[in-house]
Structure formats: structure tokens, C-alpha cells
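Reading the structure
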Amino acid sequence: MPAAAPTPKAVLHQRFGTNARYTVEEVREAVGGCPGLAPQTRSVYRCALELPGLSVATPGTFVRKKDAEQAAAQIALDKLGIQPIANIPSTPEEAWDELIARISGFFIDEKFLSSTHPLVGHLSVTLRRTGDLIGRIPLSAIAACDVKVNTLCKVIDPKAEFDPLLVLSFMYNAAKQSPGVLVSDTNFWIQSQKPYSPEAVDMALKRWSGTSDPVEVEAILVPHVLEDEPKIVRVNLRDNEHYMSYVAEKLTASDSSHVLVSRTIGKASSEIRLYFAAPNVHFVSDISKNVLACHGDGDINCQVNKRASYISGQTIYGDALLANIGYTRRDSELCTEDVNLCTYYRILLGKLPDGNCKMSRNAILAAELPSVYSRFSWKGLSPRDLLCSFCRNQRLSEPLFAVSRVSCGMITSAASSEEREAPAKSIENQHNDDVRTEEETPDSFKCEVKICSRKQEILVEYSAADTWSKESDAIQNSSLKVLIWFNNYFKQLNTKMDKLYLSQCTDGFKIHPNIFLQEFAMCLSVYGNTGCNDSGMCSAAGPFSMDTPEKHLESTTTLTNIEGPDSGVCPSHGSLTCISYTASLVMKDKAKKYLLESHNEFEFEIGTGAVGNQLESCVTQLTVNQAACFVAELPPRNLILAAASEFSHDLSNVSRESCLLEFSVKVLQVTEPLEDRMEKALFSPPLSKQRVEFAVEHINELHATTLVDFGCGSGSLLDSLLEHPTTLEKLVGVDISRKGLTRAAKSLHQKLSKKSLVQATVPTAVLYHGSITDFDSRLYGFDIGTCLEVIEHMEEDQASLFGNVVLSSFHPTVLIVSTPNYEYNPILQRSAMPNKDDETDENAGPCKFRNHDHKFEWTRAQFQCWATDLAVKHNYSVEFCGVGGSGEEPGYASQIAVFRRMAHNVEAICPNKDQDQPYELLWEWPNTSIPV
């Protein structure tokens, strides 16, 4: 298979490195829409490129950012007269002949010594020698410096991309046939057959300066035995000797010609490579029989180093040295930089699906891969960029994105093909044909993603069921789904292949297990047998699942050293919260404290899983300008060392039993959820207050004395009712979230304490911790029950279960249920203030839910169907109304059902008060203190 020519960007990078600066601008471009509708717009890109002494820009626009960058790079190449490497041989025989000629050209043409090619740096050091050693370099230095040599070897045999030893065999055999070149018969040295002229030597020595002073460079020794930990070693470079001689000493190789070099690891501008000793091999000079073999069974140097091979994507033998030493076109002297354990573990972290998410936010210990994507709140690299980076680090092909336009009418026709006797399936963009017509539904987009090997064999396919109003949203959301799938897999690396077969077509994913396991074989061999112990990456518990993880687990983080008064402004689900924090490893004997991570301003959205559960639990217990500390669960060792920076060597020997991880957190700012911002932009008073006023009106109309709020959350309704004159004597709240109830208890306790000072009587109040789908006899027969904007946070079957339980068992006189009206969403979303990345689109396609935590949102017909069925089944009447808007098309923003118990249904038998009490009493007024 012929090798591909380098891209224009790659050619410029080799010449200019980081001095090539690309600036991509996103613009909006009109695209065709449906007949009768205004044209839609989409995101396209143009690029400006800055080079030393030259600036260019693309005259047109491109659908993809990378296409715009490549076009700008090509314009620059044309202006500079630089031609990329062309005419790559198409057959192994042609590549073999060119490889012979190229190796020969390095030594017979003295003009080469005046070039900026990195190989001249290697030669210049050896030209300072005397006798037979002058100008003699290891063959592997050529492979490390010359891209085209490696490309030619890949044309000869594609396996050469993954095997430095195979590359060495090709170079050794080609060098033996190269005119003007001497090759050792017993080692892997290469040098010019005739001496260089003094003028050529002087030219090389002027361009490439030597190492006059001794230099000590830190490197990491990666043992081939998995049980042995990587450790720091120090390489001393001195006396203008070739640096690979000192590397050979650390690897106990016979000489530097027996040191092999991997491709660069990490950033393209880095010289971080793995060095390892060549096994005892013999080569033959016949291209058709390029054979390499180890001498002696079980030779330790012939054993594959699985960790090093996983890091580099190439086959590495024996112990390996991870070091940042080498020559580049951009420098005139040997480049060196320390590589410590932190560097090593960050390289490993970068190969994980969530690793670059953590590092792009510079929050290895705090950040997590979010479970949902929102242009309003996403921080760090985009999901698409993260997926592309993951594939590159795993030596896979770039992800393939296929975006398709869902034409007008396709969504509604799909929806109308289903029966409407029950609420529709929970697909966010599915519309009811009773409400949406073909003429009203503009186009939308869906995205399919394919992950392939370098041979273009498919590993994973994902086809999204959801559609999106913007093409970029379709790509980003599908990319995130694939990342989450991979993240689940990496956390459960001991998954059996038969489980992959059973799950291969779940939730839009199609897995090709044989190809998948083949591509990740080295990863599995390194981490697959850890049994999810702490020492490995398998640090998460629970079975592997194709499903998008729900990261809303209740946490019981205990706070200490709480500072600052309660401002009343607290983070809630969906709010964008800014904090400052530090994360320190503290020795239990208090002897030492290591600062691992800190941020002066770190922003994330509550409820998206963007941070760990314990950190989010801490933040949601604080208000703005409050600070606190908590002790977190100790993360896996690899994360601690990746975050440790200069402390990585000290911490590598610390026992986990002797330390703990302490966070210090302060809440700086809270921006209310997008749903609330949308409502406030359109309604005055906001919908939340209108719902309270609606409840107060029905309370007083009924002369209700008892009220239970099902799904009370942080107690906003109960708190608001205390501000209105009502007939209520007892308020009860029930919720599954202990954190929300704790917040409610604090607020109610404070307000009731103030009211008791100025009023003779105040209502009693009780908060219970439990599920609203479970019956508790203590709440039987209340005058009024409320469930405002709650059921959409449940699965639809659970919402139906709640309706059945509350009407058949709790048996309130009146039940008020409110939920968002899906048909009103386009109006709300158009009213939201757009940011620079999200212009309003009057003809945006099927809108998303108001909150990413919503499991469904119903149209009026769907809600009325649900409520009517419940009312008939349980002998209640039901009437429908709402708040927000005039009630004309498309109805109210928040739709409400008021259930009233029928007169002939009052003889229901009261249950035994001593039974059926699953709820936990968390707080009551005036008898108990505020829960902690």
C-alpha cells in the first residue's frame, strides 16, 4: 500500500515548528432550507496563518477547521516555493532502491553537512573524534531523524511502522548496498567510505555546537517486567561524546549502535523517545527474505516491553529509557529536557479517553469527562477534539464523522407512525404529529461515527438516534457518546469478548470485537490483569455497560473548616459554578503536605459529571463566598503522580496507607441554570413564582391545612409558601436527595425561626428522605399534594408509577402536577441571550430539552393522555391549565394538571399508621436541629 505524502501542515511544521501560528475563525453561512422557510445557516471556517516574515489567509471558507488550516498551509508553501515530499514509491522494489540512494546521499554529498537536517547534529559530534571513529554514527540515528527513511520502510513492509527492529533490518541491508558507505559486519555502525574535506567539517561544526559542559538529564527507566515500577535515572552527557553512548550505558547495551529508538512520543515538537537495546539478531540482505531472529530462547533482551510498547505504539524489547534528548531542525545544539515520573504518567493519562479532558483543563484530580455536552457550559477541548486526540494516541485512524440532514417531515412521519394512546418514547427530538406539521419542522442533523484501525478496519460504529438543530452539535454530541463508551471500557478492561458480542448492537453502538481486541491487545496485556486494583487504570467499580453513565450519585461528603456567612446564593442542578480550590496530599502524621493541584478560577456545570461526586457534593453544600475543606477518596496512584509535578519522585515511594487527599474549596460565583435564564428572559414574574402563586390560590380556595410537596428538592416551594398568607398548618417535603433536603432544612429553619419571633403561631414543617414512588402512611389523606416540575426528571415508567401510587395510596384531596410544555421550547430558546458561539436561529430544527437532566418533555396531548388515564383509573377528576403565556398556541410554558378526588371516593380506608413507613425523618420544626 503506497504511503501518503505529508500534509501541507506537516511540511510547514518540519520547517517552522511552533513558529507556524494558525488562527481559525468561525463564520455563519446560509444553506438551503425547506420550501417556504427562511434559509438556515451553518458554521464554516476560514484560517489565517502567521509565519516568520509571511502572513496568509484562506480566500474562501471550509466546513471543517482542519481543511481551512491545510488550505492556509498550502498557500504558504506556494508562496515560499516549498515542495512537499512527492513521488513516494508505490512498490516495495521502488522503495528499496530509493532507500539505498537516500542512505548513500547522507554520506557521499558533502553539501549535506551544511544543511539543517537533524542527522548533521549526530555527525558533527562524531566529526570531533580522531582515527577510525571519526564520522561513525549508529544506524538508528538515521531512523530517529529522517521521516522519509521511515516512510520508505513502511512502503517496503507496512509492519515497519510498528517495529523499530524491522526498520533497522531494512536500513542495515540497504546500507550494505549503498555506494560510498561503510557498514560494520558485526555491529550497526555506519559512516562515509572516504574522509570529509576540512571545509565540510568546519561548516558542520559551525552550524552544530557541541556539549562543552557536562549536562545531567533525568529520564525514566521502564522495566520490561510489569511487576517492576518505572524509576528515575540520570544520564550524564559530557566531553562532546555522542549522547547515545551514555544511553547505551544505562541500558547495558554493548555500544550505542545497539541502541534502537522509537518514534517521538507526545507533541510533535517534542524529542521524547524510548531507547532500548537491540536483541541479538541477524539480518539477511535479500529484500524478499528480510528476516530477524533472536539468538537463544528466553533471552531477556528479546522479551517485549509491554508498557513501553503501549506508550509508543511500537514493539519495544527489554528495558527501555524514556528520555527527551535529540537534535532538531530548529536548534543548533543538542536539545535536552528532564523527563520525570509526572511526565511518564501524564503520557499514560493522555492515552485514556478522559485523560486529555483532565489535562486540557489542567485539573487532573478535579475534572471528569462530562456526561452531557452544552455549548453554553463546556470547558476545555471539545468532544470532537478529545476523540481525535484519543484515536491518535491509540494509533488509530482519525474518526470518521458522517453528518446527514434529516429533511422536513421525516421526524413527524416517524412520530406519527406510533400509537398515541400512551406518552411517546423518550426521544428528545420526537414530535407529536398532532402539534407539529411538516411545514413547521425545519431540517435537523444527525451524526454517525466510525472508529477504524490504521488499516481502515472498523472497530466501533455509533449511529445517533437523536437529531440536532446544528451540524456542529450533532458532531460534538456523537463524539461525546463514543468517548463515554471508550471511557467505560477502559475502566473495565477485564471485559470478556463474549460480553462485547452480546452488547455489540446496544444503544446505537455496533462493536466489531475481533478487530477491537486486536487493536487494543497491548493495552489489555498491560492493564487487563490488574483486576481493577488501585495500582492500575481499572479503578472504577461496577459492570461494564454501553449506556451513557449517570453521574448523579448521592454523596455524603463531610465538610470541615466552613468559613463565611450563608449568602443564600447556592449552586443547584444546571447552574454554572465558579470555584477556587487546592488539592493536597497530606501525610497522616502531619509531617508533610504536598500541593498537587490548584485553581484560582475553575468553572463547571452542576449535574453534568464534570467533576468528581465528592467535589460537587462539597460545592452544593456551600453558598457564594463560603469556603470549606473535605477529605476525598484517594485516587489511583497514576493520577496522583500525573498531578504531582516536581513531587512525583518523592511521592512514588509513599504508601497509600500513610496519606490522604485534602481539598480546600471556595465558591466564587453561581450563574443560574439556562432553563431559569430562559424563563426570566420571557416571563415576569418568573415561571417559578407563577407556579407558587398558582399553588397558593388552590390552597386558599380549598382551605387546605396540610400540604405535602413530592420532590421538594431544596425546598423552594415550601420556603416560598411561608411568604404568603395561607390556611396551611403543616408543611411536608419528600425528596430522594439528601443534599437537597439539607439545604431545604437550613432555609426553612432560618425562616421559621424569624416568623416565630413575630407571630403567635407558625406552621409545623417536616422533611422526609425517600422516593416519591414509595408509599408512606404518615402522609395519607393530606388536603393537597404538589409535584411541580419533577416528573420530567424521572423515567416515564417511574412517572407513571408515581401517579398511580400518589392517587391510589397517598390519596390527597387535590394533587397539582406541573411539567414543561415541549411545544413551548422554541419560544423559550429564542428568548435566551445568545453568546458569541450561538446565534439565535429563528428556524432552528427540533429543539432540545430545557434541562439536560430531563428524561422526557411532553406535548400537551401527551401530558393530557397521561393525566386522564390516571384520573379515570383512580376515581379523580382532572382539569388542565398552566402558567407562562396566554394559553393560546402553543399553550402555556408550564402545563398543569389539577386532580380532585371524587365525592364517592372519600370512603377509602386509612392505612395502619404503624406500617408502611419507609421514609427517614430528616428534620422537623420545631423539634429537631438542622441536619449536617
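Higher on the page you've got the structure.
Residues numbered from 1 in each chain as written. Predicted model: local features only at pLDDT ≥ 70, side-chain atom pairs only at ≥ 80, totals over all residues. Heavy atoms only, no water.

Quick notes on the packing of aromatic side chains
For clarity, the cut-off: Only Phe, Tyr and Trp rings are paired, with Trp represented by its six-membered ring, and only when their centres lie within 6.5 Å; those with planes under 30 degrees apart are stacked, over 60 edge-to-face, the remainder tilted. Burial classification: accessible surface area is computed with a 1.4 Å probe over protein chains only, and a residue below 20% of its type maximum counts as buried, one above 50% as exposed, and the rest as partly exposed. Secondary structure elements are taken from DSSP: a helix is a run of H or I of four residues or more, a strand is a run of E of two residues or more, and numbering for both begins at the N terminus. Placement of a charge over a ring requires the Lys NZ or Arg CZ to be within 6 Å of the ring centre, with the centre-to-atom vector within 35 degrees of the ring normal.
This model, assessed by the stated rule, comprises 37 aromatic pairs. Each ring, one from Phe 602 and one from Phe 604, has its centre 6.1 Å from the other, and the planes form 40°; the classification is tilted. In terms of burial, Phe 602 and Phe 604 fall into one category: buried. Ring centres of Phe 630 and Phe 663 lie 5.2 Å apart, and the angle between their planes is 5°; this geometry places the pair in the stacked category. Here Phe 630 is found in strand 20 (residues 627–632), whereas its partner Phe 663 is found in strand 21 (residues 659–671), with 33 residues between them in sequence. According to the relative accessible area criterion, Phe 630 is buried, its value standing at 1%. With relative accessibility at 3%, the residue Phe 663 sits in the buried group. Connected via pairs of aromatic rings, a cluster forms that spans Phe 390, Tyr 462, Trp 485, Phe 486, Tyr 489, Phe 490, Phe 509, Phe 516 and Phe 520. Taking the ring centre of Tyr 22 as reference, the NZ or CZ of Lys 9 above it sits at 4.7 Å.

Some words on the pattern of salt bridges
Here is the rule we go by: By definition here, a salt bridge exists when the distance from a side-chain nitrogen of Lys or Arg to a carboxyl oxygen of Asp or Glu is within 4 Å.
Under the definition given, this model contains 27 salt bridges. With its nearest N and O atoms 3.1 Å apart, the salt bridge here joins Arg 234 to Glu 218. Separated by 16 residues along the polypeptide, Arg 234 in strand 8 (residues 231–237) and Glu 218 in strand 7 (residues 215–222) bring together distant segments of the chain. With a shortest N-O distance of 3.3 Å, Glu 271 and Arg 273 are connected by a salt bridge. Linked by salt bridges that have partners in common, Glu 161, Arg 395 and Arg 454 make up one network.

A short note on the packing of helix 6 (residues 147–156) against helix 7 (residues 164–176)
Rules: Axis definition: a line fit to C-alpha positions, over the contact stretch in the case of helices; interaxial angles, taken between N-to-C directions, run 0 to 180 degrees. If an angle is under 35 degrees, it is roughly parallel; if it is over 145, roughly antiparallel; if it lies from 65 to 115, roughly perpendicular; otherwise it is oblique. What makes two residues a contact is simply this: any of their non-hydrogen atoms within 4.5 Å. Three classes are used, and their members are as follows: Ala, Val, Leu, Ile, Met, Phe, Trp, Tyr, Cys and Pro are nonpolar, Asp, Glu, Lys and Arg are charged, and the others, Gly among them, are polar.
Running from amino to carboxyl end, helix 6 crosses helix 7 at an angle of 95°, the nearest separation of the two axes being 10 Å. As far as their axial angle goes, helix 7 and helix 6 are roughly perpendicular. When helix 6 is examined against helix 7, the residues Val 149, Asn 150, Cys 153 and Ile 156 are found in contact with a partner set consisting of Val 167, Phe 170 and Met 171. Each residue belonging to the contact of helix 6 with helix 7 can be placed in one class, and the counts come to six nonpolar, one polar and no charged.

Examining the environment of Arg 329
Along the chain, Arg 329 falls in the loop between strand 11 (320–326) and strand 12 (335–337). Residues Arg 329 and Leu 119 lie 210 residues apart in sequence; the distance between their C-alpha atoms is 9.3 Å.

Notes on the packing of helix 3 (residues 92–108) against helix 6
Basically, it comes down to this: Left-handed describes a crossing in which the near helix is turned anticlockwise from the far one by less than a right angle; the clockwise case is right-handed.
One can describe the packing of helix 3 onto helix 6 by two numbers: an axis separation of 8 Å at closest approach and a directional angle of 155°. Comparing their axes, helix 6 and helix 3 come out roughly antiparallel. Helix 6 is crossed by helix 3, and the crossing has left-handed handedness. Where helix 3 abuts helix 6, its residues Pro 92, Ala 95, Trp 96, Glu 98, Leu 99, Arg 102 and Phe 106 lie against Lys 148, Val 149, Leu 152, Cys 153, Val 155 and Ile 156. Taken together, the residues of the contact of helix 3 with helix 6 sort by class into 10 nonpolar, no polar and three charged.

Regarding helix 7
How we decide: Multiplying 1.5 Å by the helix residue count minus one yields the expected span of that helix. Within 3.5 Å is the distance limit for a polar contact, defined as a pair of N or O atoms, with the added protein rule that one can donate a hydrogen and the other accept it, and that residues adjacent in sequence qualify only through two side-chain atoms.
In a regular helix each residue adds 1.5 Å, so 13 residues correspond to 18 Å; helix 7 covers 18 Å between its end C-alpha atoms and thus fits that length. Among the 13 residues that make up helix 7, 12 are buried, leaving the element largely enclosed by the rest of the structure. Listing the buried residues of helix 7 in full gives Pro 164, Leu 165, Leu 166, Val 167, Leu 168, Ser 169, Phe 170, Met 171, Tyr 172, Asn 173, Ala 174 and Ala 175. Of the residues flanking the start of helix 7, the one acting as N-cap is Asp 163, its side-chain oxygen 3.1 Å from the backbone nitrogen of Leu 165.

Quick look at the environment of Leu 596
Mapped onto the fold, Leu 596 is located in strand 19 (residues 593–605). Between the C-alpha atoms of Leu 596 and Thr 582, which are 14 residues apart in sequence, the distance is 7.7 Å. Those residues within four positions of Leu 596 in sequence are excluded, and the remaining contacts are Leu 365, Ala 583, Ser 584, Leu 585, Ile 640, Ala 643, Ala 644, Leu 651 and Leu 661.

Some words on unusual backbone geometry
The step from Ser 684 to Pro 685 runs through a cis peptide bond, and the omega angle for that step is 0°. Structurally, the position occupied by Pro 685 is in the loop between helix 22 (674–682) and helix 23 (687–702). In this model, Trp 925 is joined to Pro 926 through a cis peptide bond whose omega is 10°. On the secondary structure map, Pro 926 appears in the segment after strand 29 (920–925). The backbone of Asn 362 sits at a positive phi, close to 50°, despite the residue not being glycine. Within the secondary structure, Asn 362 is located in the loop between helix 12 (355–360) and helix 13 (383–393).

What about the sheet that holds strand 22 (residues 706–710)?
Put simply, the test is: Strand pairing follows a simple DSSP-based rule, namely that at least 2 bridges must link the two strands.
The strand order across the open sheet built from eight strands is 27-28-26-25-22-23-24-29, with neighbouring strands paired in mixed fashion. The sheet is open, and its two borders are formed by strand 27 (876–883) and strand 29, each paired with just one other strand. Strand after strand, the sheet turns through a mean of 15° between neighbouring axes, direction not considered. Judged from the six bridges that link them, strand 23 (residues 730–735) and strand 24 (residues 764–769) form a sheet pairing that is parallel. Bridging from a neighbouring strand, Lys 730 pairs with Thr 764 of strand 24. On the sheet, helix 26 (residues 796–810) packs against strand 22, strand 25 (784–788), strand 26 (814–820), strand 27 and strand 28 (894–901) and is oriented at approximately 160° with respect to strand 22. The sheet strands contacting helix 28 (residues 860–873) are strand 26, strand 27 and strand 28, and the helix crosses strand 27 at an angle near 155°.

Quick notes on the sheet that holds strand 13 (residues 400–406)
Taken in spatial order, the four strands make up an open sheet running 13-14-15-16, and their pairing is antiparallel. Edge strands, defined here as strands with exactly one partner in the open sheet, are strand 13 and strand 16 (509–511). With direction set aside, neighbouring strand axes in the sheet form an average angle of 15°. Note: strand 13 against strand 14 (residues 444–452), seven bridges, orientation antiparallel. Residue pairing for strand 14: Arg 405 is matched across the bridge by Phe 445.

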